[in-house]
Amino acid sequence: MISTDSPKRFFSHTLTQVLTHKPVLRVSDAVQMQKEWSFAKTHPLLTGLYRRLFTMLSPEELVGHLQEVLETHEVNWRHVLSCVSTLVICLPEAQQLVKDWVARLLARAFENCDLDSMVTAFLVVRQAALEGPSVFPSYADWFQASFGSSRGSHCCSKKTLVFLFKFLSDLVPFEAPRYMQAHILHPPLVPSKYRSLLTDYVTLAKTRLADLKVSLENMGLYEDLSSARDVTEPRSQAHQDVEKAIAVFEHTGRIPSAVMEASIFRRPYYTAHFLPALLTPRVLPKTPDPRAALIESLRRADKIPLSLYSAYCQACSTAEEKKPESAAPGTKVEAVCAEGPLGPLAAALRELRAAMTDPTQYDVVAARVAVVSERLDAALGRAEEDGSSGGSQIQLSVLTPGLEQQEREVADLLLTCFCQNLIVASGFASPDRQGPWASRLATAMCGRRLLPVVLTRLCQLLRHQGPSLSASHVLGLAALVVHLAQSRSVLPEVPVGLPAPAEGLSVAEFLSSLLTFRTSETSLFCLKFCTAVISYSLCKYSSLSRDTLCGCLSPALVKKFQFIILRLFPEARDPLCPEDTADPPWRPLCRPSADWQQAALCLWKQRTFRELLKEKEFHLTYRDWLRLELEIQPEVDCLSDTERWDFQQWALHEYFLPKPSAAGGCDGDLQVACAVLVDVLIDFRQSSRSYNYSENSDLVLSGCPGNRDIFSRLQEMAAGLERGPAAPRSCSPPQGHFLFGVFRRRLQALASGWDVAARLQRQRELLVYKWILLGLPPSIVVGRPQAGRPAAPDCTEFFHLVNSELRNFSHGSALTHDLTVHFFRGLLIACSQSGDPSLTADLVLTACQTECPLVLTSALSWWPRLEPELRSRWRRCLQGPLPQELQRLWEAQRFGRSCLLPDTASPAPGPAWLSAAALYFEIQRAGKDRVKSQLERLGCQGEELLVFLFFFSLMGLLSSHLTPHGRPHQAVDTPKALDICAEILGCLEKRRVSWLVLFQLTETGGGLGHVLLRLAPDQYVRLLPFAFYSLLSYSDEDALIREDAFLHVAVDMYLKLIRLFVAGETSALSTVARSRERRGQGDPVGLITEARRFLLRSIPRCPKESFSNVAEVTRRRSLWCVCRGANESAVDTALPLRGQPGGVALALWPLTCRAVVASSPVPRPRVSGGCTRLSTVGFLQLLATSADCDPDVRAALLSRQQAGPDADLYREPRLF
């Protein structure tokens, strides 16, 4: 009997003889020639011999034997390295073993300065890296990982560093340029005191590259240093860089950073190669494409020389004229060129199919796939990058996926071969007995260069051409998706948003996202594809663990299958019979006359699939169902309106509502169901401009397809909640409506701040809230009074939403018409459900005066359109006259209208701010700019009213700047708004009524600020300094100076104006100063200049009493700390301006302000339901004691404060 060790010893001996046969090649020869010894280039007889020798030895034994032979024999390096390639190709288990072996070789080399170990490690790594990213990391990645950090063995001492660089220097005369480029651009980490070692090596390598006529300057922008081929010619690489740059630009909308860096730091390559490739003359499209947009962006950024751009435009014009003659030949040439490199690839794919169909040749599948990978290099027209693709995101356009002709032909050839091979293999074996060909071929498609091409073609097929695919295509692509999902851990993410989100989708989730349900055709295709994917997975991995099976399936795809089968087949909604034990329906799907619907139902009932659905990640939750149902376009749905209504009612009330929350349901709580629906609906609206629905270029909230029916279901459920019994008298007050709870939670999660991005995001969110609010019953806004209790309905939630959010997006001091009408309709409904309708209305509107005055001013703004409906519905439903508070609104509106008539004005109802609002809105509606004569007819009651009227006119002035094309009925242009403010200001000064109080508003104390700050957006309140100095030229300067508060307010407004300018908030104001006679009205810089001159002119004239309360500031320690903490460096910037009073170089002043603001801990004033104002006295202290502010204003303040008492020139003479 022969011992089992005998065959092993024989095979080991034979392998040793092969590896040591004719050891005539030196190490230098191996370094130069090893690229020709890859698996695909090695003679099949030799690789076949290796494979047969591997059959009796385990991967561990093979690697150990290889190591032993290298340590004890002189070897034939060609045989050794081709054996390494065969080992990592044919035995995937050996790949990690080779990595560990190389790590041990490096450790031994640096520990003993062992040159043999170092040589072996580098040769083995370079050989394994030649076989592609699916087998071994690229050389550049390995080199950077091994030597690019302090953890590397080379960092132990100077001795190891010298050893490393001596070794690398010895390689320079023999190695290929790509390796030296990798060493230069990804150098080893070297301590600063040994930097000269690295510098010497880099100089040597650059000299060698120059001798080889390879320049680092001419390297491509996106060239991979780990290429398996020699360096690409700059001209060829430039075309590749152009295509990559266009793809990145199309995805991000910005000039790629690599292009910008090349235009500065790599100017020779950029001007000599990249720009000529980008500016290749062509027939320009009517609508600018991404290439044209990139060229235009570079031109605007001055990155294209004018002469080169002019020549490009001229050449494009010439190409347009010659278009008919040159179109056909170009196509013919491209077809001829594409035919060449695809021939070897097609032959390799045919060899793979021949090996796959012969059961005796399964052992050569890996070899055939390696040949296919090698042929892909030439087929793509460039060196295929061997780098691992897991470190970066893939850039592709989902809506308009585009490929070059050659790329598309390569992708089609690969995908067609994969589909045909699968059908052939499935004809004689089930997926679990077909061997590894599918996974190996799928892995070959995962190269960094090829994977985006394959994914782009899959995007074209699955998303845009899915319904037209044949059954064989569906089956083949489904199997490919499964194998790509199996490799998800080593594949990069795919961003799907525009711009790309911080985190993208895995390849499996991305491919699942391409399946949509918008039309009946796409829904049926999705059913077919999901059935094929799940059936193939269950057949392929049925014998493996549950975790392996789950890892090959995308949860999103499984959920889509559940959704579509429940939607299309009513029988699937019934409780299932005893679980079917039949096999998954893969083999029936491979037949020419496959019944896809029957196969889908068979899969739905299959036992293994039902067990799979018990996994939490595969649960179709209520939220998932809503997202998918929202995609449906009712007009092209495969269900009729009645069928769709039946399905949605079943899903909502029979399936998800009673389902436990742990399984994705609502626990029977209708309010929870409504809240989740609202949340999903808002997300859907917010994503309506992503790649799924970016065809709608306008932000029209009602224009998103597929959401009408789901919103109708929300209306039905919300109405059901509203029709419930009123809260009994003994119950505690309600906790608030679910709708406002959803709004509040989402708003808290949004980014806060007043930058443009945060404001636009918040405004867009509020637009969706408003759309939902207006679509639901008005009673939600006001609520219902409790049964048997004559109390006001609870409007707290709505008032809070208005005060905190909607107020900031209102124009002036009024909400939109639809929201105002909706509130009053809700009020009428609440009154109709109350035992005392008039009392209920009075209580609600009285609460508005103190808690939400913006509702009342909005009613006055829209009163001509609001009053007829109010009176009609009150008379029809509630009988009797209007309640007292509604009558008050009518009287205020009548007063405002009468003030503009020649007759005597009717008395103004209280409160005064309400009458002032009514008067201002009437002035706006009348379009009058000369109202001084009408205002003078107001009696003594007009003084307080004029102050409020002046406030509303200030809001109108700011609104005319911020929204110059506002509402038609409020369309007051800036000059007219300025005139109205001036007229009111003149009336105030004539009556000697102080108006400075409007610029000292605070929420505390219950004064004017408590009401007025709730009537204006926070942005308007922050811009009050702009309005203050815009109107100073219309005021009586002598009268202003006599007021004690003037200096405090003027300095406060001046510093806040500067702060607004430094923060960039004045940029929101429309620049209309050019059309005015007065400079500084609308132009922020001019206004600051005028304000500064005004202060310098006024401070010496202010009475001494204006400084009387400066001493009190010393008790305000917080502001004093701010003054002490200011940056002294700003002093040096500001002090040289001291000698230029009134004519300071304003260009330097913003820089000074930026230094102060950036370095000082002074917080920006925030307005939260009002304004938090730094004390004006505090600003005087800041100016009087710190040099970090305007030095001329400071000097004027100190000079005036230290002067002796003045004779009061303004006091009337005392005759007696």
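Heads up: the structure comes first, above all this text.
What counts and what doesn't
- Residues numbered from 1 in each chain as written.
- Predicted model: local features only at pLDDT ≥ 70, side-chain atom pairs only at ≥ 80, totals over all residues.
- Heavy atoms only, no water.
- Helix = DSSP H or I, 4+ residues; strand = E, 2+ residues; numbered from the N terminus.
- Buried < 20%, exposed > 50% of the residue type's maximum accessible area, 1.4 Å probe, protein only.
- Expected span 1.5 Å × (residues − 1).
- Arc of directions from axis to C-beta.
- Contact = heavy atoms within 4.5 Å.
- Salt bridge = Lys/Arg side-chain N within 4 Å of Asp/Glu carboxyl O.
- Axes fitted to C-alpha atoms, helices over the stretch in contact; angles between N-to-C directions.
- Left-handed = near helix turned anticlockwise from the far one by under 90°.
- Nonpolar A, V, L, I, M, F, W, Y, C, P; charged D, E, K, R; others polar.

1. Some words on the environment of Gln406
Right, so step 1: Relative to the assigned elements, Gln406 resides in helix H19 (residues 405-426).
Right, so step 2: On the accessibility criterion, Gln406 (25% relative accessible area) is partly exposed.
Right, so step 3: In this structure the C-alpha to C-alpha distance between Gln406 and Leu380, which are 26 residues apart in sequence, comes to 6.9 Å.

2. A word on helix H6 (residues 93-112)
Right, so step 1: An ideal rise of 1.5 Å per residue puts 28 Å on 20 residues; H6 measures up with 30 Å between its terminal C-alpha atoms.
Right, so step 2: Looking at H6, one finds that the buried residues are Ala94, Gln95, Val98, Trp101, Val102, Leu105, Leu106, Ala109 and Phe110. Buried positions in H6, seen along its axis, are confined to an arc of 160° and lie on one side of it. Across H6 from its buried face, at more than 90 degrees, point the exposed residues Glu93, Glu111 and Asn112.
Right, so step 3: Summarising the contacts, the buried residues of H6 are in contact with helix H4 (59-72), helix H5 (77-90), helix H7 (115-129), helix H8 (139-147) and helix H9 (158-171).

3. Overview of the pattern of salt bridges
Right, so step 1: Taken as a whole, this structure holds 42 salt bridges when the rule is applied.
Right, so step 2: In this structure, the salt-bridge partner of Arg745 is Asp679, at a minimum N-O distance of 3.3 Å. Of this pair, Arg745 sits in helix H34 (residues 738-749) while Asp679 sits in helix H32 (residues 670-686), and the two are 66 residues apart along the sequence.
Right, so step 3: We classify Arg745 as partly exposed; its relative accessible area is 44%.
Right, so step 4: Glu765 is paired through a salt bridge with Arg746; the nearest N and O atoms lie 2.7 Å apart. Residue Glu765 is found in helix H35 (residues 756-775), and its partner Arg746 is found in helix H34; the two are separated by 19 residues along the sequence.
Right, so step 5: Classification of Glu765 as buried rests on a relative accessible area of 3%.
Right, so step 6: Overlapping salt bridges bring together Arg567, Glu629, Asp637, Asp641, Arg644 and Asp709 as one network.

4. Considering helix H33 (residues 708-722)
Right, so step 1: For H33, spanning 15 residues, the distance from its first C-alpha to its last is 21 Å, which sits close to the expected 21 Å at 1.5 Å a residue.
Right, so step 2: Looking at H33, one finds that the buried residues are Asp709, Ile710, Phe711, Arg713, Leu714, Met717, Ala718, Ala719 and Glu722.
Right, so step 3: Of the surrounding secondary structure, the elements contacted by the buried residues of H33 are helix H30 (622-630), helix H31 (641-656), H32, H35 and helix H36 (779-782).

5. Details of the packing of helix H40 (residues 853-861) against helix H43 (residues 912-926)
A pair of packed helices is characterised by two quantities: the angle between their axes and the separation of those axes.
Right, so step 1: At a closest axis distance of 9 Å, the pairing of H40 and H43 adopts a crossing angle of 35°. As for how H40 packs across H43, the hand of that crossing is right-handed. Contacts from Pro853, Leu856, Thr857, Leu860 and Ser861 of H40 reach H43 at Trp913, Leu914, Ala917, Ala918, Phe921 and Arg925.
Right, so step 2: Residues of the contact of H40 with H43, tallied by class, amount to 8 nonpolar, 2 polar and 1 charged.

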